[in-house]
Amino acid sequence: MANQATRSDFDQYMTPTYAPAPFIPVSGKGSVVMDQNGKDYIDFAGGIAVNVLGHAHPKLKRALTEQAEALWHTGNGYTNEPILKLARQLVESTFADKVFFCNSGAEANEAALKLARKYARDHFGEHKNQIVAFNNAFHGRTLFTVSAGGQPKYSQDFAPLPGGINHVEYNDLAAAKAVINNNTCAVIVEPIQGEGGVIPADTSFLQGLRKLCDEHGAALIYDEVQTGVGRTGELYAYMHYNVTPDILSTAKALGGGFPIGGILTTDKFAPSLAIGTHGTTYGGNPMAGAIGGAVLEEVNKPQFLQAVKDRHDQFIDRMTQINQKFDLFKTFRGVGLLIGCELNDAHKGQAKLISNIAAEHGLMMLIAGLDVVRFAPALNITAQEVDTGLDRLEAALGAYLSQGS
Ligand SMILES: *Cc1c(COP(=O)(O)O)cnc(C)c1O
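Residues numbered from 1 in each chain as written. Predicted model: local features only at pLDDT ≥ 70, side-chain atom pairs only at ≥ 80, totals over all residues. Heavy atoms only, no water.

- Going by what an unreviewed UniProt entry lists, the chain is known as Acetylornithine aminotransferase and is assigned to Vibrio algicola.
- What UniProt records for the chain under Catalytic activity (unreviewed entry) is the sentence "N(2)-acetyl-L-ornithine + 2-oxoglutarate = N-acetyl-L-glutamate 5-semialdehyde + L-glutamate". (UniProt positions renumbered as here; feature names shortened; annotations may be inferred.)

Let's talk about the overall build of the chain
- Counting its secondary structure elements, the chain contains 14 helices and 17 strands.
- Taken over the C-alpha trace, the chain has a radius of gyration of 21 Å; the compact-globule value for 405 residues is 22 Å, and the two agree within 12%.
- Accessible surface for the chain amounts to roughly 17800 Å². Of this, 53% is attributable to carbon and sulfur atoms.
- Computing the positive centroid from 33 side-chain charges and the negative centroid from 41, the chain places the two 2 Å apart. (Helix = DSSP H or I, 4+ residues; strand = E, 2+ residues; numbered from the N terminus. Rg over C-alpha atoms; globule rule 2.2 N^0.38 Å. Areas by Shrake-Rupley, 256 points an atom, 1.4 Å probe, with all protein chains shown as cover. Lys, Arg positive; Asp, Glu negative; His and termini not counted. Charge placed at Lys NZ, Arg CZ, Asp CG, Glu CD.)

A look at the site of the ligand
- Contacts to the ligand come from Ser104, Gly105, Ala106, Asn109, Phe138, His139, Gly140, Glu190, Asp223, Val225, Gln226 and Lys252.
- Measuring from a nitrogen atom of the ligand, one finds a side-chain N or O atom of Asp223 at 2.7 Å.
- Taking Gln226, its side chain carries an N or O atom lying 2.7 Å from an oxygen atom of the ligand.
- Calculation on the ligand without its partners gives an accessible area of 390 Å², and the protein chains cover 81% of this total.
- If one sorts the elements of the shell around the ligand by residue count, helix H5 (residues 105-123) sits on top with three residues. (Near = heavy atom within 4 Å. Polar contact = N/O pair within 3.5 Å; in protein donor to acceptor, adjacent residues only side chain to side chain.)

Things to note about the environment of Val386
- Inspection of the secondary structure assignment puts Val386 in helix H14 (residues 383-402).
- Residue Val386 is classed as buried on the basis of its relative accessible area of 0%.
- Remark: the alpha-carbon pair of Val386 and Arg7, spanning 379 residues in sequence, is separated by 28 Å.
- Excluding anything up to four places from it in sequence, Val386 contacts Phe44, Arg311, Gln314, Phe315 and Ile381. (Buried < 20%, exposed > 50% of the residue type's maximum accessible area, 1.4 Å probe, protein only. Contact = heavy atoms within 4.5 Å.)

Some details on the pattern of salt bridges
- Applying the stated criterion to the full structure yields 21 salt bridges.
- Each member of the salt-bridge network shares a partner with another, and the members are Arg318, Lys325, Asp387, Asp391 and Glu394. (Salt bridge = Lys/Arg side-chain N within 4 Å of Asp/Glu carboxyl O.)

Things to note about empty space enclosed by the protein
- Within the structure shown, the criterion is met by one cavity of 30 Å³ or more.
- Its volume calculated, the largest cavity comes out at about 30 Å³.
- Taken together, Ala137, Phe138, Gly140, Val146, Gly149, Gly150, Gln151 and Tyr154 make up the full set of residues lining the largest cavity.
- Taken together, the residues of the lining of the largest cavity break down into four nonpolar, four polar and no charged. (1 Å grid on protein atoms, 1.4 Å probe; cavity = no way out; pocket = protein on both sides within 12 Å on 5 of 7 lines; lining within 4 Å. Points joined across faces, edges and corners; volume = space filled by probe spheres on them. Nonpolar A, V, L, I, M, F, W, Y, C, P; charged D, E, K, R; others polar.)

Brief notes about the UniProt feature "modified residue: N6-(pyridoxal phosphate)lysine" (unreviewed entry) in the chain
- When the UniProt feature table is mapped to this numbering, "modified residue: N6-(pyridoxal phosphate)lysine" (unreviewed entry) covers Lys252.
- On the secondary structure map, Lys252 appears in the loop between strand E11 (247-250) and strand E12 (261-265).
- When near neighbours in sequence (up to four residues on either side) are disregarded, Lys252 contacts Ile48, Ala49, Val50, Val225, Gln226 and Ile260.

Focus: the layout of surface pockets
- In this structure, the second largest pocket spans a volume of roughly 720 Å³.
- In terms of lining, the second largest pocket is formed by 32 residues, of which the most central are Asn76, Val99, Phe100, Phe101 and Gly283.
- At the level of elements, helix H4 (81-93), strand E4 (98-102) and E12 are the ones that each hand at least two residues to the lining of the second largest pocket.
- Ranked by residues supplied to the lining of the second largest pocket, first place goes to E4 with four residues.
- Among the residues forming the lining of the second largest pocket, the class breakdown is 15 nonpolar, 16 polar and one charged.

Written out as structure tokens, the structure reads:
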């Protein structure tokens, strides 16, 4: 077929920014995906913690098509009903008094950091502009957010970078205390480092950061782009920790696969994002609003969130059994349906290879760095789908070992 798109078209027509799998997914339902050849995959990747209701969820299809019939876009000279409803849903279900919408996680963090700088300048003066961030953190790929991220390999080639950002060790409160002072305008932290290896914060660490921010008049920013919207079995991870931020960034799962991002904040900080200070053309458009609203309605129910915790236990129980057989993993980490399996030293660096072999066995999954296999499936994945996926993983791990790796 002359019109057929093939994997080699990627190499021919697209910048070499990614290394996508050799197969091309063409359709999906729930947590099962089909490729061009009709082969099926269990989806433990969830589009990188995005497809929170799986593929082709009837309620999201309805929200999308109904809104597509009504109104697509107006620009921010006009507001619209779906986004107002979503803002209200978010305010009513969280610490927030106000919401700003954008289109992605990086944009949400960009807005969060800009708000913190602006608030500090408005209330204390321009000397208060220092940002504290953490090693191995991931906050997105804009120049500001990639600089706030704690992996120099992602930022160094784009220098000169925005200044005033100090990185210290994650989960090391003493190190944070040493750099937080009255010139600090913000501390930005992931409650669970996602890309950095699925590393949950210690509760005492977040409590300590909260206290230091209060003492020094700095904004505590949680990057909940990966942990938000039910991922941990709570609507947001701060609820799991019971330590509340001043600004929270959200994206990924909020659109269930449709691009949307946003920041949640309080009446104290919100006025600094005054008219003309910040903006985006697409942010808060009716399509994103309608779908985000449907996602939130579905996810923010006690029985839905309980199922996330149940599936977590199922993953850990079965992975523990698999590991008794193969002795491949050092630890299992994570909360809810964000799970990281760290490889033993003998298998260091092999996460990508294992993920490739899993795909051959009909399983899509993620890695987090070179040594961690990561699962971030749809939150409504069924017990049966988890079982089937882990059967396939078990077969893949057997194949990996018998290759003599
Ligand atoms: C994915 C991610 C981002 C970036 O989101 P984009 O939508 O890719 O810009 C930022 N922070 C965290 C914690 C993420 O996981």
